Amino acid sequence: MVGAGGTLGIGMVGYAFMGAAHSHAWRTAGRFFDLPLAPDLAVLCGRNAEATKRAAERLGWRSAESDWKQLLSRDDVGLVDICSPGDTHADIAIAALDAGKHVLCEKPLANTVEEARAMVAAAERAAARGVRSMVGFSYRRVPALVLARRLVAEGRLGQVRHVRAAYLQDWIVDPEFPLVWRLRKETAGSGALGDIGAHIVDMAQYLTGDVLTGVSALTETFIKERPLPDAAGGLSGSSAGTGRGEVTVDDAALFLGRFAGGALATFEATRFAIGRKNALRIELNGSLGSLAFDLESLNELEFYDGTEDADTAGFRRILVTEPTHPYVAAWWPPGHLLGYEHTFTHQAVDLVTDIAADRDPVPSFADGLRVQLVLDAVQRSAAAGGGWQPISD
Ligand code: SOE
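Residues numbered from 1 in each chain as written. Predicted model: local features only at pLDDT ≥ 70, side-chain atom pairs only at ≥ 80, totals over all residues. Heavy atoms only, no water.

### As for the site of the ligand
Around the ligand, the structure places Phe17, Lys107, Tyr139, Tyr167, Gln169, Trp171, Arg182, Asp195, His199, Asn278 and Tyr340. Between the ligand and aspartate 195, the relevant distance is 2.4 Å, taken from an oxygen atom to a side-chain nitrogen or oxygen of the residue. Between the ligand and tyrosine 340, the relevant distance is 3.0 Å, taken from an oxygen atom to a side-chain nitrogen or oxygen of the residue. Summarising the interface, the protein chains cover 95% of the accessible area of the ligand, which totals 300 Å² for the free molecule. (Near = heavy atom within 4 Å. Polar contact = N/O pair within 3.5 Å; in protein donor to acceptor, adjacent residues only side chain to side chain. Areas by Shrake-Rupley, 256 points an atom, 1.4 Å probe, with all protein chains shown as cover.)

Below, the structure is given as structure tokens:
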């Protein structure tokens with residue numbers, strides 16, 4: 001599974017937006033970080049053979065396949081990286097783990113709790129044989145958010161009382177934006193909830209080190225029908241075909257939550273916040289201090305230290321680009337900013353490092369299931385008119 005000469009062969013499924021981000025990460029990880037194993041971009045897989053071949057050349061892969069099952073029998077593949085839509089995750093991940101391949105699976109882990117549970121069971125079976133798995137909550141690798149987690153764990157916020165999280169996008173505000181796979185329940189599982197709500201749920205649980213125990217939710221689909229995409233219609237959605245189809249997922253999901261440790265939380269995930277492109281905002285208020293972050297300024301973390309003299313206390317903007325900050329030493333001098341793509345490189349670095357060290361990476365499939373349980377409770381609450389839904393594993 002680990003190739004000769006300390007390489008780790010990667011077989012990746014999917015080559016759209018996430019596939020491009022992961023390709024960049026696999027190409028870059030070993031050039032900036034000192035890795036115990038060199039990622040080898042062995043094979044890219046997609047359903048359309050011609051398009052996959054072209055993507056493989058563009059993104060730097062050695063070969064192309066059009067059936068993911070081929071990856072499982074290839075000796076030059078040690079890790080399967082799943083960047084395809086949610087409805088494919090469970091089948092590919094379970095088969096790959098059972099075949100002895102490490103797995104990196106994009107978020108949300110699955111489309112249903114049932115699938116996520118089966119994936120966790122496969123991950124546990126595989127871990128017993130030294131085969132590792134990770135779910136791709138890439139924002140856990142933003143240096144400012146790793147620093148935030150560290151400050152919370154060190155007690156700098158004291159007892160956390162509030163988590164205020166929002167993930168705001170606007171890419172489908174236009175009612176003529178086509179009905180891409182992310183807007184269909186059978187492929188995506190849910191809409192804004194699973195796509196971007198999953199990120200803020202995971203981030204809230206990661207930063208606090210705590211778990212949500214219940215939610216009360218509202219969801220809405222503002223545009224009920226959209227033009228059908230042509231065969232090439234992707235996330236950019238530039239190309240509408242003929243006819244219209246029903247949008248079967250939420251456009252927005254708002255919910256309240258309670259943490260086991262007593263903190264109260266609010267969440268808002270929407271694709272209708274016109275003007276907000278990729279604004280993941282999260283604020284924590286504790287008994288001793290507060291933290292605030294916005295992904296549209298991802299090199300910055302705001303920290304309020306309530307133990308300071310009230311005359312001069314105030315939110316301070318920490319520019320998280322010092323070599324002492326997480327991941328930063330491998331990149332540029334202070335003040336030379338990192339971007340969205342770096343989070344995927346950090347994810348690849350951590351995964352390869354854990355595989356070589358023979359330890360289980362995080363976030364694990366069990367962490368993915370924990371998020372899935374919250375998404376499921378949100379959907380049940382919204383369907384029942386917003387009533388409280390407890391979450392238990
Ligand atoms: C699209 O809404 C999307 O690409 C998500 O799927 C990603 O997880 C997020 O990083 C950015 O937005």
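### Quick notes on the confidence of the model for the protein
Regions with low pLDDT should not have their predicted coordinates read in detail. The predicted model of the protein averages 96 in pLDDT, with 96% of residues at 70 or higher. In this model, residues 232-238 is a region of pLDDT below 50 whose contacts with residues beyond four sequence positions or in other chains number 12 contacts. (pLDDT = per-residue confidence, 0-100. Contact = heavy atoms within 4.5 Å.)

### So, helix 5 (residues 113-127)
Between its first and last C-alpha atoms helix 5 spans 21 Å; for 15 residues at 1.5 Å apiece the expected length is 21 Å, and the two agree. Of the positions making up helix 5, those classed as buried are Val113, Ala116, Met119, Val120, Ala122, Ala123 and Ala126. (Helix = DSSP H or I, 4+ residues; strand = E, 2+ residues; numbered from the N terminus. Expected span 1.5 Å × (residues − 1). Buried < 20%, exposed > 50% of the residue type's maximum accessible area, 1.4 Å probe, protein only.)

### Things to note about the packing of helix 1 (residues 17-32) against helix 9 (residues 340-357)
The contact between helix 1 and helix 9 brings their axes to 8 Å, and the two run at 60°. In terms of their interaxial angle, helix 1 and helix 9 are classed as oblique. The element helix 1 and its partner helix 9 pack so that their crossing is right-handed. Judged by residue contacts, Phe17, Met18, Ala21, His22, His24, Ala25, Trp26, Thr28 and Ala29 of helix 1 engage Tyr340, Glu341, Phe344, Thr345, Gln347, Ala348, Val349, Leu351 and Val352 from helix 9. (Axes fitted to C-alpha atoms, helices over the stretch in contact; angles between N-to-C directions. Parallel < 35°, antiparallel > 145°, perpendicular 65-115°, else oblique. Left-handed = near helix turned anticlockwise from the far one by under 90°.)

### Re the sheet that holds strand 12 (residues 252-259)
In space, the 9 strands of this open sheet follow the order 17-16-15-14-8-13-12-9-18, with mixed pairing throughout. At either end of the open sheet lies a strand with only one pairing partner, and these are strand 17 (316-319) and strand 18 (389-390). Where helix 10 (residues 365-383) meets the sheet, its contacts fall on strand 9 (212-220), strand 12 and strand 18, and the angle it forms with strand 9 comes to roughly 50°. (Pairing = 2+ DSSP bridges.)

### Things to note about the domain arrangement of the protein
Entries for the protein in the domain assignment read domain 1 (7-139) and domain 2 (142-362 + 370-383). Placing the centre of domain 1 and that of domain 2 at their C-alpha centroids yields a distance of 22 Å. Facing the 41 residues of domain 1 at the interface are 48 residues of domain 2. Surface buried jointly by domain 1 and domain 2 totals about 3,800 Å² across both partners, of which 71% is contributed by carbon and sulfur atoms. Looking only at domain 1, the three residues that lose the most surface to domain 2 are Phe33, Arg132 and Tyr139, adding up to 24% of its buried area. (Domains from an automatic or database assignment. Buried area = accessible area lost by both parts, 1.4 Å probe.)

### With respect to the environment of alanine 128
Locating alanine 128 in the fold gives a position in the loop between helix 5 and strand 7 (133-136). Judged by its relative accessible area of 72%, alanine 128 is exposed. Expressed as a C-alpha distance, the spacing of alanine 128 and leucine 147, which sit 19 residues apart in the sequence, is 32 Å.

### Observations concerning the nonpolar core
Within the largest apolar cluster, 112 residues are counted, with the highest numbers of intra-cluster contacts made by Trp26, Ile282 and Phe365. Two domains each provide a minimum of three residues to this core, namely domain 1 (7-139) and domain 2 (142-362 + 370-383). Counting residues in each nonpolar core, the second largest holds 8 residues, with Trp171, Leu179, Val180 and Val249 among its members. (Core = buried A, V, L, I, M, F, W, Y, C linked by side-chain atoms within 4.5 Å.)

### Describing the packing of aromatic side chains
All told, the structure shown has 12 aromatic pairs when counted by the stated rule. Measuring from centroid to centroid gives 4.8 Å for phenylalanine 255 and phenylalanine 267, while their planes differ by 15°, and the two rings are stacked. With phenylalanine 255 in strand 12 and phenylalanine 267 in strand 13 (residues 264-270), this pair connects stretches of sequence that are 12 residues apart. Phenylalanine 267 sits in the buried class, given a relative accessible area of 3%. Taken together, a centroid distance of 5.4 Å and an interplanar angle of 50° make the contact between tyrosine 304 and phenylalanine 315 tilted. With a gap of 11 residues between them, tyrosine 304 in strand 16 (residues 300-305) and phenylalanine 315 in the loop between strand 16 and strand 17 connect regions that are remote in the sequence. Three or more aromatic residues link up through ring pairs in this structure, and these residues are Phe17, Tyr139, Tyr167, Tyr340 and Phe344. (Phe/Tyr/Trp six-rings, centres within 6.5 Å; stacked < 30°, edge-to-face > 60°.)

### Quick look at the state of the cysteines
For the coordinates displayed, the defined rule picks out 0 disulfides. Cysteine cysteine 45 is unpaired, with the sulfur of cysteine 83 as its nearest cysteine sulfur at 11 Å. Exposure remark for cysteine 45: the relative accessible area of 2% places this residue in the buried category. Free cysteine cysteine 105: the closest other cysteine sulfur is in cysteine 83, separated by 8.7 Å. (Disulfide = S-S within 2.5 Å.)

### With respect to the pairing of strand 3 (residues 38-45)
The element strand 3 is largely enclosed, with a buried count of 6 among its 8 residues. Judged from the 7 bridges that link them, strand 2 (residues 7-13) and strand 3 form a sheet pairing that is parallel. The residue bridging leucine 8 from the neighbouring strand is proline 39, located in strand 3. Relative to strand 4 (residues 63-65), strand 3 runs parallel, the two sharing 3 bridges. Within the sheet, the bridge partner assigned to valine 43 lies in strand 4 and is serine 63. Following the chain from strand 3 across helix 2 (residues 49-59) to the adjacent parallel strand 4, one finds a crossover that is right-handed. (Right-handed = clockwise from strand over helix to strand, strands pointing away.)

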